[in-house]
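# Close look at the chain arrangement
What follows is each chain in one-letter form.
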Amino acid sequence: MQFGIFSVGDVTADPTTGRTPSEHERIKAMLAIALKAEEVGLDVFATGEHHNPPFVPSSPTTMLGYLAARTENLILSTSTTLITTNDPVKIAEDFAMLQHVADGRVDLMMGRGNTGPVYPWFGKDIREGINLAVENYALLRRLWDEDVVTWEGKFRTPLQSFTSTPRPLDGVAPFVWHGSIRSPEIAEQAAFYGDGFFHNNIFWPMEHTKQMVNLYRRRFAHYGHGAPEQAIVGLGGQVFMRRNSQDAVREFRPYFDNAPVYGHGPSLEDFTSQTPLTVGSPQQVIERTLGFREHVGDYQRQLFLMDHAGLPLKTVLEQLDILGEEVVPVLRKEFANSRPANVPDAPTHASRVATAEAELKAQQAQQAQQAQQAQQDQNEKEVPAV
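Residues numbered from 1 in each chain as written. Predicted model: local features only at pLDDT ≥ 70, side-chain atom pairs only at ≥ 80, totals over all residues. Heavy atoms only, no water.

What follows covers the packing of aromatic side chains. Per the stated rule, a full pass over the model turns up ten aromatic pairs. Plain terms: the ring middles of phenylalanine 197 and tyrosine 216 are 5.4 Å apart, the flat faces sit at 35 degrees to each other, and that makes the pair tilted. Of the two residues, phenylalanine 197 sits in strand β9 (residues 196-199) while tyrosine 216 sits in helix α7 (residues 206-222), which places them 19 residues apart along the sequence. You'll find phenylalanine 197 and tyrosine 216 in the same group, each marked buried. When the ring of phenylalanine 240 is compared with that of phenylalanine 252, the centres are 5.1 Å apart and the planes differ by 25 degrees; the resulting orientation is stacked. Here phenylalanine 240, found in strand β10 (residues 233-241), pairs with phenylalanine 252, found in helix α8 (residues 245-258); they are twelve residues apart in sequence, far enough to count as distant. Of the two residues, phenylalanine 240 and phenylalanine 252, neither departs from the other in class, the shared state being buried. These aromatic residues form a ring-pair network of at least three members: Tyr137, Phe192, Tyr193 and Tyr223. (Phe/Tyr/Trp six-rings, centres within 6.5 Å; stacked < 30°, edge-to-face > 60°. Helix = DSSP H or I, 4+ residues; strand = E, 2+ residues; numbered from the N terminus. Buried < 20%, exposed > 50% of the residue type's maximum accessible area, 1.4 Å probe, protein only.)

In structure tokens, the structure reads:
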């Protein structure tokens, strides 16, 4: 199972000091957080994509390309890539290039985004959000899977004998997660293609997450990709930890109360009881995270949001130390011990290349057998009757 962190890249004032970091400081902080994730043994760093204040990560591939040169093991991902407003041709090119730069340590999460004004900024109509997601992703898949593409659709100019370059590394496109909080159409899309489904369950009760994941699992099986438990599932989550749970609550409360995303709403106590947000000791985070399986079954990727709401970089790095040293080792062991044999691991570039090579060999063997049988049948026809 993969563990990591994702960042939305918000620029938020620290409510305890009143200081707001500059965009430059926030970008540099995100890079430092990603490097710390590798240092403490996490598997994944994922950055969001936003094109409006107070967020800074408008160019995920630029950030991830830099991190590719500074890391050796970390899987570099997005959370999310806007499939609705980005040109599929540019996505195909950018992430294939990033694959080569990072030697395959790349995947991405497709999503519609949660900022309405972004659509007209890129010449799109928000009322076509689902249709854009469906058409754009269908084209993206063809651009990665086919060397030469001729295509015509509703939302962009046609393509005539077009080749996207560079081609995906080792002939295997980056693995795709489809991220959604509330859109069953996106769960359906992930299931149709046999891709991963990532439910960012940071604001909703686990019962809602369960319904979305179960829909995806059923439809994954319906489309013939495997049993429901073999579907590839990822979850988001939020945590804040201190050795003593009371200290964690006391320190995090002003950040929660003033955060633009959920401040001035439910109390911290109500929010933590109704959503997966966990504020407490490392043991409480372990127990809460292990409990996710009761709702969604065994899954492949768990990402935590830890650097939001104005938390200073020093505090976030301390959180990552606790996560990497005390929480994730226990989670790895516990999830592995109870994992059924038929539940797959999270896809990696290496595993997908091995699968593609095995499928090619099986196909070649089948073709050789068919050719041999055809030759044998022909020989038998040519034997003169006695």
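Our next topic: the environment of glycine 236. One can find glycine 236 in strand β10. Residue glycine 236 is classed as buried on the basis of its relative accessible area, which comes to 0%. Taking C-alpha positions, glycine 236 is 16 Å from serine 183, a pair spaced 53 residues apart along the chain.

Before going further, it helps to examine unusual backbone geometry. The omega torsion of the bond from proline 53 to proline 54 falls at 10 degrees, within 30 degrees of zero and hence cis. With an omega of -5 degrees, the peptide bond running from threonine 165 to proline 166 counts as cis. Examined against the element boundaries, proline 166 turns out to sit in the loop between β7 (159-162) and β8 (175-180). Positive phi values are uncommon outside glycine, yet aspartate 103 reaches one of about 55 degrees. Tracing the chain through its elements places aspartate 103 in the loop between α3 (88-101) and β5 (107-111). Backbone geometry places alanine 309, a non-glycine residue, at a positive phi of 65 degrees. Overall, the relative accessible area of 4% leaves alanine 309 in the buried class.

Two elements in contact, helix α5 (residues 129-145) and helix α6 (residues 184-193), have axes whose closest approach is 11 Å; the angle formed by their N-to-C orientations is 20 degrees. With respect to their mutual orientation, α5 and α6 come out roughly parallel. Remark: the crossing between α5 and α6 carries right-handed chirality. Where α5 abuts α6, its residues Ile130, Ala133, Val134, Tyr137, Ala138 and Arg141 lie against Glu185, Ile186, Gln189 and Tyr193. (Axes fitted to C-alpha atoms, helices over the stretch in contact; angles between N-to-C directions. Parallel < 35°, antiparallel > 145°, perpendicular 65-115°, else oblique. Left-handed = near helix turned anticlockwise from the far one by under 90°. Contact = heavy atoms within 4.5 Å.)

A word on the nonpolar core. Ile5, Trp144, Tyr216, Phe252 and Leu323 are the most contacted members of the largest nonpolar core, which totals 96 residues. It is helix α12 (residues 313-337) that contributes the most residues to this core, eight residues altogether. Sequence-distant contacts of tryptophan 144, defined by excluding residues within four places in its chain, comprise Ile91, Ala92, Phe95, Ala96, Leu108, Arg167, Pro168, Ala173, Pro174 and Val176. By size, the runner-up hydrophobic cluster in this structure holds five residues, among which are Leu82, Val118, Tyr119 and Phe155. (Core = buried A, V, L, I, M, F, W, Y, C linked by side-chain atoms within 4.5 Å.)

Moving on, we get to the pattern of salt bridges. Summed over the entire model, instances satisfying the criterion amount to 22 salt bridges. Glutamate 318 is the salt-bridge partner of arginine 242, the closest N and O atoms lying 2.9 Å from each other. Separated by 76 residues along the polypeptide, arginine 242 in the loop between β10 and α8 and glutamate 318 in helix α12 bring together distant segments of the chain. Look at the salt bridges and you will find they share partners, linking Arg242, Glu251, Lys314 and Glu318 into a network. (Salt bridge = Lys/Arg side-chain N within 4 Å of Asp/Glu carboxyl O.)

Attention now moves to the layout of surface pockets. A volume near 620 Å³ is recorded for the second largest pocket. Lining the second largest pocket are 24 residues, with Arg141, Val172, Arg352, Ala356 and Glu359 sitting closest to its centre. Of all the secondary-structure elements, those providing two or more residues to the lining of the second largest pocket are α5, β8 and α13 (349-382). The dominant element in the lining of the second largest pocket, judged by the number of residues it contributes, is α13, at five residues. (1 Å grid on protein atoms, 1.4 Å probe; cavity = no way out; pocket = protein on both sides within 12 Å on 5 of 7 lines; lining within 4 Å. Points joined across faces, edges and corners; volume = space filled by probe spheres on them.)

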